[in-house]
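Structural overview
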Amino acid sequence: MVPFQMRPDEILNEVKDFNAKLAEGMTNLMEVGEISSGVTPFDVVFEQDKMKLLRYKGAETAEGYGESKTPLLIVYALVNRPYMTDLQENRSTIKGLLDAGQDVYLIDWGYPDASDRYLTMDDYLNGYLDDCVDDICERHGIDSVNLLGICQGGAFSLCYSAMHPEKVKNLVTMVTPVDFKTPDNMLSYWVQNVDIDQLVDTMGNIPGEMLNWTFLNLKPYQLMGQKYLGLVDIMDNEKVLKNFMRMEKWIFDSPDQAGETFRQFIKDFFQQNKLLKGEVEIGEYTVDLANVTMPVLNVYADQDHLVPPDASRALEGAVGTKDYTELSFNGGHIGIYVSGKAQKTVPPAIGEWLDARA
Amino acid sequence: MATPDWSDDLLKTWADAQQNYWNAWSGMMQAGFTPQNMQNPMAGATGNMHSMPQNMWAKGLEQWWQAFNQQQTPTNNQFADVFQRVVDMGKHYMSMAENAFTLTSADDDAANSVQAWMTMMENSFKSWEQQLGMNQSTTQLFEAGQASMQGWQKVLDSMGMSEFGNNVMQQMTGFQMPTSENWNSQLKKMLSSATLGYARESQADMQELGRLTLEYQEAMDAYLKAFAEQGVKSIEALRERVGQLASEGQSISSLRELYDLWVDVNEEVYAEFANSDRYQVVYGDTVNTLMALKEAMNSFLDTQYQAANLPTRSEMNAAFKKQQATSRENRQLKKQLKDLARRVEALESAQDSSGDAGESKPVVKKAASAPKSKPKSEKASGAAEQGDDLTKIKGLGDKMSQKLADMGIQSFQQLSEIAVDQMEAMDKQLGAQGRMLRDDWIGQAKAMAEQIAGKAKS
């Protein structure tokens, strides 16, 4: 009848156990050692300002690079750091793609400082990204590369592909927002009443702390409370603890955002949904997704609380290509890169799709 | 890494203390003491307390944490934040445990004690809400609410706001950021004082800063008040859930289950709130008023820097802007140079091959290395007879080639003959967004046409 069956002595015992686990766990935590940022080896093949172009090694070939005829360039978001895709040996999208035979490059945008506040989307896309594409093309004697964009990097890749369709052979977008005004998009809902001009004019770069706070507030009770209670339970297992700490490091490793790029991204994409309307202006270009005519593979996560599936799926109606494929993953925004299930299914599927269009 | 001795000692001491603590409690429970009249066994050194101090369990954890924290070394410093987050969560958990314990001990009937627990939580939220209603800023928050506010404090730290508030402003002006409970009346008093006398201008500045601070505090309070209301709603939702569990014959038998249920309920209530118009407003207002205040602080500081002959923020910004414009220009120049070099190379090899009978070198690397597979556009692919493959021109794709064909332009020769003054209009007509000029289609077409002519001769 009464759903509570807690006796005082049981509560005491539970607390005692909790405290004991916490005390022991804290010691384990101190011995967990240095947490790496990414596990797969790479060469830095090209650098410009703070941007680095990485080429990953670890494939079973002579040089360690993948053997695909067309290299694959991963464009990560400016928010957080790209080693999300390479967190640990058995949970690495990068490793999965190498195993699938891809020659994998990735752009590390670095950490912007105050002097970067005037970096625009034009600088990022028609500057850094375009230079990376050119560098890879020259290196391989080819005209176009395969692009794989992640989250905000996916939106960037879409813009780039619309501006320079001749340089993109195949495009893969992962958990990429296209329609920023679906009803379930909490982030977008929040920023509608924020005076972005005042924010950027005042702050210059947007502190990573601020973004992080915003993301954690999507599910505050789980992300700022319950998660750490769960941690106490696993603290006696060094391996699991280390994995937790890797993720923890990643979550709180948030670079500041270059002010002008943040301004355009939030105003044009989040507040005015211009990407879908074909009204985004970058440098001399107006971005029209109808120009995205190369084959497109759109990968999204069913339970994504940051980029809702509908926000991604809007791509189908917007691109000009006739070769459009969707791949849904049963998991969340981060799980799609780090879960064991994702590891087994997502990178091989991407590799297969690319190989069929080599 | 071996466990340092101190940490073993520390943990052992703490564990022993804990054990004694619980033993003493359990013993007294069995002897029929109720928590209300029980003496806290841990309080021996600090005095004779006849009733259990509030939040003792959470405080115990905090004390341990302080001791632990003093032993932090640079090598484990990388986890300082995680330690802190775990301990913060632990303290909330302890509060919940203590409340549950106190109440279950006070009443044998579990149903009563649970009701009492929920009523207590509800009252806390209500009194919090009430305090905010009376313009008394308070730090009393619950669980994630508190974690979230601590996060916000970090945001302020990262902006140098707290630094400014606590030190700079106070030193320079004697004005203190309103963190105390009656900030509202303090501020209003200050704002109403006349701006007279010697430093009238800076007094006016300070009043403006004060006004903006007030606005920010008000927005922050509206935000917190909305949160407090959600707290009350969460209790209602929890009551509903508990009722539902009862009717399904299920039970909660551990603290942990209670905690998880509480998180679930909160997250549900919060999700609805966070997607409401109200949240949009309180969130936006908080950020906007904070930025207005920060902006005023910036310009206030700039004035001080200028007076001290130091570079100001606006001067730095001007320099950064100039530097970015220069590197952007550099980037464009580099691209143009590269392009020109390629075209010169193409021209030279075209000349070479026209002078050099019998030898036909590949002129553009692109054409030789990887002939593009063309889509099934009839005019473009079937143009071999009367036209050229215009997509060999850099920046000119299938779509443009088709549009040009529709205009009757199908060969390099035709394209190369377009007059310069027509180009702009044509670019617009094609929707090429300036690529026609930027990528110099005409020049490229000329080179291609010459190359073909050269080949034909040889």
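Side note on the overall build of chain B
Scanning chain B from N- to C-terminus turns up 18 helices and 0 strands. Each of the 458 residues in chain B was classed as buried or not, and the buried ones make up 42%. Contacts spanning at least 24 positions in sequence make up 62% of the contacts within chain B whose residues lie at least 6 apart.

Here's the deal with the overall build of chain A
Broken down by element type, chain A carries 14 helices and 12 strands. In terms of C-alpha radius of gyration, chain A reaches 22 Å, essentially the compact-globule figure of 21 Å for 358 residues. Within chain A, contacts between residues at least 6 apart in sequence are counted, and of these 77% link residues at least 24 apart. Accessible area of chain A: about 12,300 Å², with a carbon and sulfur share of 47%. Looking at charge distribution, chain A has the averaged site of its 31 positive side-chain charges lying 4 Å from that of its 55 negative ones.

Looking at the sheet that holds strand S12 (residues 324-329) of chain A
Residues and elements named next belong to chain A. Read from one edge of the open sheet, 8 strands run S1-S2-S6-S3-S7-S8-S11-S12, paired in mixed fashion. In the strand order of this sheet, the two ends are held by strand S1 (42-48) and S12, each with one partner. Averaged over all neighbouring strand pairs, the angle between strand axes comes to 20°, with direction disregarded. For strand S3 (residues 72-75) and strand S6 (residues 104-108), the ladder comprises 4 bridges, and the chain directions are parallel. The residue bridging Leu73 from the neighbouring strand is Tyr105, located in S6. Lying on the sheet, helix H14 (residues 340-355) is in contact with S3, strand S7 (145-150), strand S8 (168-174), strand S11 (296-301) and S12; it crosses S8 at an angle near 160°.

Some thoughts on the state of the cysteines
With the rule as written, the count across this model stands at 0 disulfides over all chains. Between Cys151(A), a cysteine without a disulfide, and Cys159(A), which holds the nearest cysteine sulfur, the sulfur-to-sulfur distance is 13 Å.

Here's the deal with the packing of helix H8 (residues 220-234) of chain A against helix H9 (residues 238-251) of chain A
Residue and element names in this part refer to chain A. Contact geometry of H8 with H9 gives a least axis separation of 9 Å together with a crossing angle of 150°. Our classification of the angle between H8 and H9 gives roughly antiparallel. The crossing of H8 and H9 is left-handed. Along its contact with H8, which presents Lys227, Tyr228, Leu231 and Ile234, the element H9 presents Val240, Leu241, Phe244, Glu248 and Ile251. Among the residues forming the contact of H8 with H9, the class breakdown is 7 nonpolar, no polar and 2 charged.

What to know about unusual backbone geometry
Residue and element names in this part refer to chain A. Phi angles above zero are rare outside glycine, and Asp49 is one such case at about 50°. Tracing the backbone shows Asp49 in the loop between S1 and strand S2 (51-56). Despite not being glycine, Asn273 shows a phi value in the positive range, around 50°. Here Asn273 shows up in the loop between helix H10 (259-271) and helix H11 (274-277). Judged by its relative accessible area of 9%, Asn273 is buried.

Some points on the side chain of Ser144(A)
Residue and element names in this part refer to chain A. Locating Ser144 in the fold gives a position in the loop between helix H3 (121-140) and S7. For Ser144, a relative accessible area of 15% gives the class buried. Residue contacts for Ser144: discarding those within four places in its chain leaves Thr70, Cys137, Glu166, Lys167, Val168 and Lys169.

Overview of the packing of aromatic side chains
On inspection of all chains with the given rule, the structure shows 26 aromatic pairs over all chains. Cluster of aromatic residues (ring-pair linked, three or more members): Trp190(A), Trp213(A), Tyr221(A), Tyr223(B), Phe227(B), Tyr270(B), Phe273(B), Tyr279(B) and Tyr283(B). Over the face of the ring belonging to Tyr65(A) we find Arg55(A), whose NZ or CZ atom lies 3.6 Å from the ring centre. Looking at Lys341(A), its charged tip hangs above the ring of Phe329(A), at a distance of 5.3 Å from the centre.

A closer look at the pattern of salt bridges
When charged atoms on two side chains of opposite charge get close, those side chains can pair. Here the structure, examined in full by the defined rule, presents 33 salt bridges over all chains. Across the pair Lys167(A) and Asp130(A) runs a salt bridge whose closest N-O atoms are separated by 2.9 Å. In this pair, Lys167(A) sits in the loop between helix H4 (152-163) and S8 while Asp130(A) sits in helix H3, placing the two residues 37 residues apart along the sequence. Exposure class is identical for Lys167(A) and Asp130(A). Each is buried. Where Asp131(A) meets Lys335(B), a salt bridge forms, and the shortest distance between an N and an O atom there is 3.1 Å. One end of the pair, Asp131(A), is in helix H3; the other, Lys335(B), is in helix H11 (residues 313-355), on a second chain.

A short note on helix H14 (residues 398-406) of chain B
Residues and elements named next belong to chain B. For H14, the complete set of buried residues consists of Met400, Ser401, Leu404 and Ala405. With its buried residues spanning 140° around the axis, H14 presents them on a single face. A positive phi of about 95° marks Gly408, the residue just after H14.

Topic: H4(A)
An ideal rise of 1.5 Å per residue puts 16 Å on 12 residues; H4(A) measures up with 17 Å between its terminal C-alpha atoms. Among the 12 residues that make up H4(A), 12 are buried, leaving the element largely enclosed by the rest of the structure.

Here's the deal with the packing of helix H1 (residues 8-30) of chain A against H8(A)
Residue and element names in this part refer to chain A. Where H1 contacts H8, the two axes come as close as 8 Å, and the packing angle between them is 75°. Here H1 is positioned roughly perpendicular relative to H8, judged by the angle of their axes. Seen from H1, the contacting residues are Phe18, Lys21 and Leu22; seen from H8, they are Leu229, Val232 and Asp233.

Some thoughts on the pairing of S1(A)
Residue and element names in this part refer to chain A. When S1 meets S2, the two strands line up antiparallel, connected through 6 bridges. Residue pairing across strands places Glu47 opposite Lys52, the latter belonging to S2. In textbook terms, the turn of a hairpin is the stretch between consecutive antiparallel strands, and for S1 and S2 this stretch comprises 2 residues, one of which, Asp49, has a positive phi near 50°.

Here we look at the nonpolar core
Counting residues in hydrophobic clusters, the biggest one holds 182 residues, and the most contacted among them are Leu73(A), Trp109(A), Met174(A) and Leu199(A). Ranked by the residues each element gives to this core, the list is headed by helix H8 (residues 200-247) of chain B, at 14 residues. The contact partners of Met174(A), leaving out residues within four places of it in the chain, are Leu148(A), Gly149(A), Ile150(A), Cys151(A), Val299(A), Ile336(A), Tyr337(A), Val346(A) and Ile350(A). Counting 19 residues, the second largest nonpolar core, distinct from the first, contains Ile393(B), Phe412(B), Leu415(B) and Met426(B).

Overview of the environment of Gln271(A)
Residue and element names in this part refer to chain A. Tracing the sequence through the fold places Gln271 in helix H10. Judged by its relative accessible area of 14%, Gln271 falls in the buried class. A sequence separation of 117 residues divides Gln271 from Gly154, and the C-alpha atoms of the two residues are 18 Å apart. Among the polar contacts made by the side chain of Gln271, one reaches the main-chain carbonyl oxygen of Val191 at a distance of 2.8 Å.

Describing the confidence of the model for chain B
Residues and elements named next belong to chain B. Of all residues in chain B, 59% attain a pLDDT of 70 or more, and the chain-wide mean is 70. Between the elements of chain B, mean pLDDT differs from a low of 34, seen in helix H12 (residues 365-369), to a high of 90, seen in H11. This model gives residues 135-144 a pLDDT under 50, and the stretch forms 30 contacts once residues within four places in sequence are excluded. Confidence drops under pLDDT 50 across residues 357-385; counting only partners more than four residues distant or on other chains, this segment forms 31 contacts. For this predicted complex, the interface score ipTM comes out at 0.88, while the overall pTM is 0.77.

Structural notes on the environment of Ala358(A)
Within the secondary structure layout, Ala358(A) lies in the segment after H14. Sequence-distant contacts of Ala358(A), that is, excluding residues within four places in its chain, are made with Lys69(A) and Lys169(A).

The rules behind the values
Residues numbered from 1 in each chain as written. Chains lettered and ligands numbered in written order. Predicted model: local features only at pLDDT ≥ 70, side-chain atom pairs only at ≥ 80, totals over all residues. Heavy atoms only, no water. Helix = DSSP H or I, 4+ residues; strand = E, 2+ residues; numbered from the N terminus. Buried < 20%, exposed > 50% of the residue type's maximum accessible area, 1.4 Å probe, protein only. Contact = heavy atoms within 4.5 Å. Rg over C-alpha atoms; globule rule 2.2 N^0.38 Å. Areas by Shrake-Rupley, 256 points an atom, 1.4 Å probe, with all protein chains shown as cover. Lys, Arg positive; Asp, Glu negative; His and termini not counted. Charge placed at Lys NZ, Arg CZ, Asp CG, Glu CD. Pairing = 2+ DSSP bridges. Axes fitted to C-alpha atoms, helices over the stretch in contact; angles between N-to-C directions. Disulfide = S-S within 2.5 Å. Parallel < 35°, antiparallel > 145°, perpendicular 65-115°, else oblique. Left-handed = near helix turned anticlockwise from the far one by under 90°. Nonpolar A, V, L, I, M, F, W, Y, C, P; charged D, E, K, R; others polar. Phe/Tyr/Trp six-rings, centres within 6.5 Å; stacked < 30°, edge-to-face > 60°. Lys NZ or Arg CZ within 6 Å of the ring centre and 35° of its normal. Salt bridge = Lys/Arg side-chain N within 4 Å of Asp/Glu carboxyl O. Arc of directions from axis to C-beta. Expected span 1.5 Å × (residues − 1). Core = buried A, V, L, I, M, F, W, Y, C linked by side-chain atoms within 4.5 Å. Polar contact = N/O pair within 3.5 Å; in protein donor to acceptor, adjacent residues only side chain to side chain. pLDDT = per-residue confidence, 0-100.

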